[in-house]
Amino acid sequence: SGGAMAAAPRSFSAAEVRARCAQGSCLVRCRRRLYDLSGFVRLHPGGEQLLRRRAGTDVSAALDGPPHRHSANARRWLEQYYVGEMESGDEQVPLGRAGSRRTAPGPGSSGSGGCGLWGAPGPGSDLVDWQKPLLWQVGYLGEKYDEWVHQPVDRPIRLFHSDFLECLSKTAWYVVFIVWAPVVLYLSWVSYTSLAQGNTRLFSSFTTEYSIPVHKYFFPFIFLLGMFLWSLLEYLIHRFVFHMKPPASNYYLITLHFLLHGQHHKSPFDSSRLVFPPVPASLVIGFFYGVLRLMLPEVLGLSVFVGGLCGYVIYDMMHYYLHYGSPKKGSYLYGLKAYHVKHHFEHQKAGFGISTRFWDHPFRTLIPEETFEKED
């Protein structure tokens, strides 16, 4: 009549934990609290290392050991995988190898042995109703929105009431490649063959005598220029549009921010929302094509555009891989994945480069190197 009481946490014996780990599960513990990271650990930089020492790893070492210390958001994230408690007396039993190093507890921890209880709220205590579309709710969060949207969760998001609009807002990663790669190839062929006709000249609208012919062999360099310009545009959009802080009093700007990028920071592993769906993408791509047509001779503008379009496709594929790929430890992509994870969980106001960190250097938005600790 008054509602069912919350079920007591399940108890696990040390032998049961060892058995589950032997079957392929990845269980970690913090004192008596036990967490099942089996479905998530491979997505995290260094997760493969944790899998190799997964037999009941003490989470205090796993969280604060190599390859880097974890943020308060990472600690809150952990609570989503809580499965129960170790049986009384078994919490001190060594269940397997743990990291050899301890560091000071990060923000949000209790300070007791490098681990603490980080108080993940129950379903009824969240600021939104996850059973309903979120897009129309977030605008009412006001001054609470910015903190809420930067506390990530591992659950899918529904934006719209309409199934049709919801379908247009999501896509699988390979759809981007299937749709846009043929466009890149076709427009590259059109650009090259048009330049081969020898009719394209720079500055012809100002002077015919000193105008500069654009040879067909210039196409690869123009294409690369387009990719370079895209990388700058990617950085600027990510930093100044996607990471704008909407006024707390403006319902519509908060809603727009959540639609553009806030949803991704709230649920960074929602696989259907990691790349730009083709229908809305075509509107944005068409806009930039129109701008280039106004600024440059037709064929030259098309050549720059197709290079930029190729850069966009690489960017979207890279972004998906940084979330779901497992790059080899020590590789460039491994470092980039760790960099992007830091952006999501700890440094949301830095680390805006995705396919490259290049622009974070001149704009002074690099994530501090000291946050990437070296292994012992």
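Just so it is clear, the structure is predicted and the values come from calculations on it, not from any experiment.

Q: Hey, could you go over the overall build of the protein for me, with residue numbers and the actual values?
A: Scanning the protein from N- to C-terminus turns up twelve helices and seven strands. Expressed as a percentage of its 376 residues, the buried residues of the protein come to 49%. Across the protein, the fraction of contacts at a sequence separation of at least 24, relative to all contacts at a separation of at least 6, is 72%. Accessible surface computed for the protein: about 19400 Å², of which carbon and sulfur atoms make up 62%.

Q: Tell me about the UniProt feature "transmembrane region" (unreviewed entry) in the protein, residues and numbers included.
A: As recorded in UniProt, the feature "transmembrane region" (unreviewed entry) lies at residues 172–192, 217–237, 274–296 and 302–322. The straight-line gap between the two end C-alpha atoms of residues 217–237 is 32 Å; of that span, 90% is helix and 0% is strand. Helix makes up 78% of residues 274–296 and strand 0%, whereas the separation of the span's terminal C-alpha atoms amounts to 32 Å.

Q: Explain a nonpolar patch on the surface to me, using residue names and the numbers behind them.
A: Residues F240, V241, L253, L256, L259 and L260 make up a contiguous nonpolar surface patch of about 450 Å² in total accessible area. Among the elements of the structure, α8 (219–242) and α9 (251–266) are those that each provide at least two residues to the nonpolar patch. With four residues, α9 is the single largest residue contributor to the nonpolar patch. Among the structural elements, L253 can be located in helix α9.

Q: Provide a residue-level description of the pairing of strand β5 (residues 82–86), including the pertinent values.
A: Bridge count for strand β1 (residues 11–12) against β5 is two bridges, and the pairing is parallel. Note that in β5 the partner of S11 across the bridge is E85. Across three bridges, the pairing between strand β3 (residues 33–36) and β5 is antiparallel. Note on β5: the bridge partner recorded for R33 is E85.

Q: Break down the environment of F12 for me, citing the residues and quoting the values.
A: When you line up the elements, F12 lands in strand β1. Taking the C-alpha atoms as reference points, F12 and R32, separated by 20 residues in sequence, lie 9.4 Å from one another. Non-local contacts of F12, meaning those with residues more than four positions away in its chain, are made with V17, R20, L34, V83, G84, E85, M86 and E87.

Q: Tell me about the packing of aromatic side chains, residues and numbers included.
A: Ring pairs (aromatic) are described by centroid distance and by the angle formed between their planes. One pass over the structure, following the stated rule, counts 24 aromatic pairs. Ring plane angle 20° and centroid distance 4.8 Å describe the contact between Y235 and F363, whose orientation is recorded as stacked. Linking Y235 in helix α8 with F363 in the segment after α12 (332–345), this pair joins segments that are 128 residues apart in sequence. Among the residues examined, Y235 registers a relative accessible area of 1% and is labelled buried.

Q: Give a description of the pattern of salt bridges that names residues and reports values.
A: Summed over all chains, the structure comprises eight salt bridges. Between E16 and R10 there is a salt bridge whose closest N-O contact spans 2.3 Å. Among the ionic pairs, E166 bridges to R273, the shortest N-O distance being 2.6 Å. Here R273 lies in the loop between α9 and α10 (278–295) and E166 lies in helix α6 (residues 163–168), a separation of 107 residues in the sequence. Within this structure, E166, D270 and R273 form a network of salt bridges that share partners.

Q: Give a description of the side chain of Q348 that names residues and reports values.
A: Within the secondary structure, Q348 sits in the segment after α12. Take Q348: its relative accessible area is 11%, and that puts it in the buried class. Within the structure, the side chain of Q348 is placed 3.5 Å from the backbone oxygen of H150, a separation counted as a polar contact. When neighbours within four sequence positions are excluded, Q348 is seen to be in contact with N73, H150, H243, H265 and H343.

Q: Kindly report on the nonpolar core, identifying the contributing residues and their values.
A: By size, the foremost hydrophobic cluster in this structure holds 33 residues, and its most contacted members are W180, I285, F305, L309 and Y312. Counting only elements with at least two residues in this core, the list comes to α7 (173–196), α8, α10 and α11 (298–324). When residues in this core are grouped by element, the largest group, 15 residues, is from α11. Counting residues in hydrophobic clusters, the runner-up holds 15 residues, among them W130, Y145, I157 and F258.

Q: Can you break down the packing of α7 against α10 residue by residue, with the values?
A: How two helices sit against one another is set out by the angle between their axes and by the gap between those axes. Between α7 and α10, whose axes approach to 11 Å, the crossing angle comes to 45°. Taken together, the axes of α7 and α10 lie oblique to each other. As for how α7 packs across α10, the hand of that crossing is right-handed. Between α7 and α10, the contacting residues are V175, V179 and W180 on the first element and P278, A281, S282 and I285 on the second. Among the residues forming the contact of α7 with α10, the class breakdown is six nonpolar, one polar and no charged.

Q: Can you tell me about α9, naming the residues and giving the values?
A: When the terminal C-alpha atoms of α9 are compared, their 18 Å separation across 16 residues is substantially less than the 22 Å that a helix rising 1.5 Å per residue should span. Where α9 bends most, the angle comes to about 60°, and this point is L259. Every buried residue of α9 is accounted for by I254, T255, H257, F258, H261, G262, Q263, H264, H265 and K266. Among the residues of α9, the N-terminal cap falls to N250, whose side-chain oxygen and the backbone nitrogen of Y252 are separated by 3.1 Å.

Parameters at a glance
- Residues numbered from 1 in each chain as written.
- Predicted model: local features only at pLDDT ≥ 70, side-chain atom pairs only at ≥ 80, totals over all residues.
- Heavy atoms only, no water.
- Helix = DSSP H or I, 4+ residues; strand = E, 2+ residues; numbered from the N terminus.
- Buried < 20%, exposed > 50% of the residue type's maximum accessible area, 1.4 Å probe, protein only.
- Contact = heavy atoms within 4.5 Å.
- Areas by Shrake-Rupley, 256 points an atom, 1.4 Å probe, with all protein chains shown as cover.
- UniProt positions renumbered as here; feature names shortened; annotations may be inferred.
- Patch = residues over 30% accessible without salt bridge, like charges linked within 9 Å, V, L, I, M, F, W, Y side chains within 5 Å.
- Salt bridge = Lys/Arg side-chain N within 4 Å of Asp/Glu carboxyl O.
- Pairing = 2+ DSSP bridges.
- Phe/Tyr/Trp six-rings, centres within 6.5 Å; stacked < 30°, edge-to-face > 60°.
- Polar contact = N/O pair within 3.5 Å; in protein donor to acceptor, adjacent residues only side chain to side chain.
- Core = buried A, V, L, I, M, F, W, Y, C linked by side-chain atoms within 4.5 Å.
- Axes fitted to C-alpha atoms, helices over the stretch in contact; angles between N-to-C directions.
- Parallel < 35°, antiparallel > 145°, perpendicular 65-115°, else oblique.
- Left-handed = near helix turned anticlockwise from the far one by under 90°.
- Nonpolar A, V, L, I, M, F, W, Y, C, P; charged D, E, K, R; others polar.
- Expected span 1.5 Å × (residues − 1).
- Bend = angle between axes of the 7 residues up to and from the residue.

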